[in-house]
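The lines below spell out each chain.
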Amino acid sequence: MGRAGSASRQPSVKVTGLTKSFGARLTLKSLDFQVETGESLAILGPNGAGKTTLLKILASIMEPTRGKIYIDGLDLKRDAEHTRRRIGIVTHNTFLYGNLTAWENLDFYARLYEVPDTKQRIEEMAAMVGMTQRLHHRIATFSRGMQQRISIARALLHKPSIMLLDEAETGLDQQATAMLWEAMKGEGSEKRTVIMTTHNLERSLKATDRFIILDKGNIVHQGSTRDLDLQALERTYHTSTGSEP
Amino acid sequence: MSFWRKVYAITRKDVLAELRTKETVSAVLVFTLLVIVIFNFAFGTQRDIIEKVASGMLWVTFAFAGVLSLNRAFVMEKEEGCLEGLMVAPVPREVIYVGKMLSSLIFMFLVEAIALPIFAFLFNLNVLTWQNVAVVLLATTGFVAVGTLFSALAVNTKAREMVLPILFFPIVSPVIIFAVQGSDLALSGAPWGSLFSVMQFLIIFDVIFLVISYLIFSFVVEE
């Protein structure tokens, strides 16, 4: 993935004082961070650290209890429709309807995102994920990996500038994983901003510019992946989270 | 226009999926026909009893068939996290509500369009009068308007088949009560004038349920 963009541009994603509680339980505790345009950020942490909750809030699936999120300078809550248009998301759930064909699924999402030249764009995306031949087959007849490929096509359909990946590699074979990371680079001269959650430290080292380690809803460490090797990252991770190596 | 285009996309998607599987309409239709046939066996040819209980039979059938249908409305959205897919899209939450409500309404109207002639045939009752059809259309709209909201609420619970009727029936009971009264008047051949107050109440409940459900839907679907 590419390195961070120019510091003079406003951040792609800016999070200030982000807090989320479920009843009395605080899942995220006043988080502050920002991601520059074209930068890729890995969110690491043990199970229950709050990674998925954070990603769901960034995707506007969940409301934060307190705090602000700005997407390219726009308030995520106030300008919900405009900001959501800039976001694509791939999770372990595909967001696809099993009883519809791949084409019908992509066409449905294209209508929601008001994608111009729908037919051409769907064909482009299907070719990119290597699913052109199966475009008119039902999703329910696909393997998990094939469904995930269509899910990647769905997420990129509207040319988002920000990609959120939550354990996105689940079910993908090596070829599809390589395709996913190739797609994350962006289209044309535009570099995508990528925020991913993962347990795979090696992947985060290869694919991202920076990392944040979350533990019990707090950012316990953040830094650049540039000068780190896997061993150093593992050491940092285990020291920060107090987990066993 | 964008609002209605997106509503259409959601309704079209639901109808397309239903045309593939026929899961909701066939299950609801079988249930509806079963109830009508059981009532037919129970009351046989006792004309005076049938005339007294006909509107009750009709709405017992439609109310339970409606719950069965509404129970399934958000199941598809729950599989593979599709509801989250809708929520991430640049679509106001209200679009999701209206789109889902319209598809449920189409399924219910379809079931009723098949059930009413069968009801008329088995009980030899004229349930296909304009008056009764108007009562059915208005009551079903109110029923589905609030039912879609509760369906979205219940789908996140483990025992949704049980939770939906428990939450939903106390709220929707005014619509069912007026629907029974309206159908009773319509079946007895009453003119439009005597149905006026019932229709008025059904329209008021429709508007109230539609507006409230529309306004609070986003709070129901957001975690």
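For clarity, every value in this text was computed on a predicted model and none was experimentally measured.

(A) Summary view of the overall build of chain A. Looking only at helices and strands, chain A has eight helices and ten strands in total. In terms of C-alpha radius of gyration, chain A reaches 18 Å, essentially the compact-globule figure of 18 Å for 245 residues. Taken over the C-alpha atoms alone, chain A extends approximately 50 × 40 × 40 Å along its principal axes. By the burial criterion, 44% of the 245 residues in chain A qualify as buried. For chain A, the share of sequence-separated contacts (at least 6 apart) that also reach a separation of at least 24 residues comes to 69%.

(B) How the structure looks around the sheet that holds strand E3 (residues 40-44) of chain A. Residue and element names in this part refer to chain A. Taken in spatial order, the six strands line up as E6-E7-E8-E3-E9-E10 in an open sheet, and their pairing is mixed. Edge positions in the sheet fall to strand E6 (87-90) and strand E10 (218-224), since each of these pairs with one other strand and no more. On average, adjacent strands in this sheet sit at an angle of 15° to one another, irrespective of strand direction. Two elements, strand E7 (residues 162-166) and strand E8 (residues 193-197), share five bridges in a ladder whose sense is parallel. Within the sheet, the bridge partner assigned to Leu165 lies in E8 and is Met196. Of the strands in this sheet, E3, strand E9 (210-215) and E10 are in contact with helix H8 (residues 230-241), which crosses E9 at around 25°.

(C) Expanded view of the environment of Val127(B). Residue and element names in this part refer to chain B. One can find Val127 in the loop between helix H6 (93-123) and helix H7 (130-154). A tally of 21 C-beta atoms within 10 Å means that Val127 is categorised as buried. The contact partners of Val127, leaving out residues within four places of it in the chain, are Leu58, Leu116, Phe119, Ala120, Asn132 and Leu187.

(D) The nonpolar core, seen in detail. In terms of nonpolar packing, the biggest core is built from 137 residues, with Ile43(A), Ala153(A), Leu164(A) and Ile195(A) touching the most fellow members. Element by element, the count of residues in this core is highest for H7(B), at 13 residues. When near neighbours in sequence (up to four residues on either side) are disregarded, Ile195(A) contacts Val13(A), Val35(A), Leu41(A), Ile43(A), Leu58(A) and Leu164(A).

(E) Focus on helix H5 (residues 144-156) of chain A. All names here are of chain A. The end-to-end C-alpha separation of H5 is 19 Å, in line with the 18 Å expected for 13 residues at 1.5 Å each. Of all 13 residues in H5, eleven are buried; the element is thus mostly enclosed. For H5, the full list of buried residues reads Met146, Gln147, Gln148, Arg149, Ile150, Ser151, Ile152, Ala153, Arg154, Ala155 and Leu156. On the buried face of H5, the contacting elements are E6, helix H3 (102-112), helix H4 (118-128), E7 and helix H6 (174-184).

(F) Main features of the environment of Ser213(B). Residues and elements named next belong to chain B. Looking at the element boundaries, Ser213 is found in helix H9 (residues 192-221). Residue Ser213 is classed as buried on the basis of its 22 C-beta neighbours within 10 Å. Along the primary structure Ser213 and Phe150 are separated by 63 residues, whereas in three dimensions their C-alpha atoms are 9.0 Å apart. Apart from residues lying up to four places away in sequence, Ser213 is in contact with Tyr97, Ala145, Val146, Thr148 and Leu149.

(G) Representation of unusual backbone geometry in the model. All names here are of chain A. Even without glycine at this site, Ser60 takes up a positive phi of about 65°. We classify Ser60 as buried; it has 23 C-beta atoms within 10 Å. The residue Glu167 is not glycine, and still its phi comes out positive at about 45°. Relative to the elements of secondary structure, Glu167 occurs in the loop between E7 and H6.

(H) Structural context of the sheet that holds strand E2 (residues 25-35) of chain A. All names here are of chain A. Judged by pairing direction, the sheet is antiparallel, and its four strands sit side by side in the order E2-E1-E4-E5 without closing on themselves. Every interior strand has two partners, whereas the edge strands, E2 and strand E5 (74-75), have only one. Pairing of strand E1 (residues 13-22) with E2, which is carried by seven bridges, proceeds in the antiparallel orientation. Its bridge partner being in E2, Leu18 is matched across the sheet by Leu31. Along the sheet face, helix H1 (residues 51-58) touches E1, E2 and strand E4 (66-71) and points at about 120° away from the line of E1.

(I) View of the interface of chain B and chain A. Each partner contributes residues to the interface: chain B has 23 residues there, and chain A has 26 residues. Sorting the residues of the side of chain B that touches chain A by element identifies helix H1 (2-21) and helix H5 (82-88) of chain B as the ones contributing at least two each. In terms of residue count, H1(B) provides more of the side of chain B that touches chain A than any other element does, nine residues in total. Partitioned by chemical class, the residues of the side of chain B that touches chain A number ten nonpolar, four polar and nine charged.

(J) Geometry of the pairing of E9(A). Residue and element names in this part refer to chain A. Summarising the sheet, E3 and E9 pair through four bridges and their orientation is parallel. The residue of E9 that forms the bridge with Leu41 is Arg210. Pairing of E9 with E10 involves six bridges; the strand directions are antiparallel. Directly across from Phe211, in E10, lies its bridge partner Gly223. As consecutive antiparallel partners, E9 and E10 are separated by two residues, and within that stretch Lys216 has a phi angle of approximately 50°, a positive value.

(K) How the structure looks around the confidence of the model for chain A. Residues at a pLDDT of 70 or more form 95% of chain A, whose mean pLDDT is 88. In the predicted structure, residues 1-7 of chain A sits below a pLDDT of 50 and forms 21 contacts with residues beyond four places in sequence or in another chain.

(L) Focus on H1(B). In this model H1(B) runs 29 Å from its N-terminal to its C-terminal C-alpha over 20 residues, within 8% of the 28 Å that 1.5 Å per residue would give. All of the buried residues along H1(B) are Lys6(B), Val7(B), Ala9(B), Ile10(B), Lys13(B), Asp14(B), Ala17(B) and Glu18(B). Down the axis of H1(B), the sector holding all buried residues measures 160°, keeping them to one side. Among the exposed residues of H1(B), those pointing more than 90 degrees away from its buried face are Trp4(B), Arg5(B) and Leu19(B). The elements touched by buried residues of H1(B) are H3 of chain A together with helix H2 (23-43), helix H4 (75-78) and H6 of chain B. Backbone geometry just after H1(B) places Lys22(B) at a positive phi near 55°.

Quick notes on the rules
- Residues numbered from 1 in each chain as written.
- Chains lettered and ligands numbered in written order.
- Predicted model: local features only at pLDDT ≥ 70, side-chain atom pairs only at ≥ 80, totals over all residues.
- Helix = DSSP H or I, 4+ residues; strand = E, 2+ residues; numbered from the N terminus.
- Rg over C-alpha atoms; globule rule 2.2 N^0.38 Å.
- Buried ≥ 20, exposed ≤ 12 C-beta atoms within 10 Å, placed from the backbone.
- Contact = placed C-beta atoms within 7 Å.
- Pairing = 2+ DSSP bridges.
- Axes fitted to C-alpha atoms, helices over the stretch in contact; angles between N-to-C directions.
- Core = buried A, V, L, I, M, F, W, Y, C linked by C-beta atoms within 7 Å.
- Expected span 1.5 Å × (residues − 1).
- Nonpolar A, V, L, I, M, F, W, Y, C, P; charged D, E, K, R; others polar.
- pLDDT = per-residue confidence, 0-100.
- Arc of directions from axis to C-beta.

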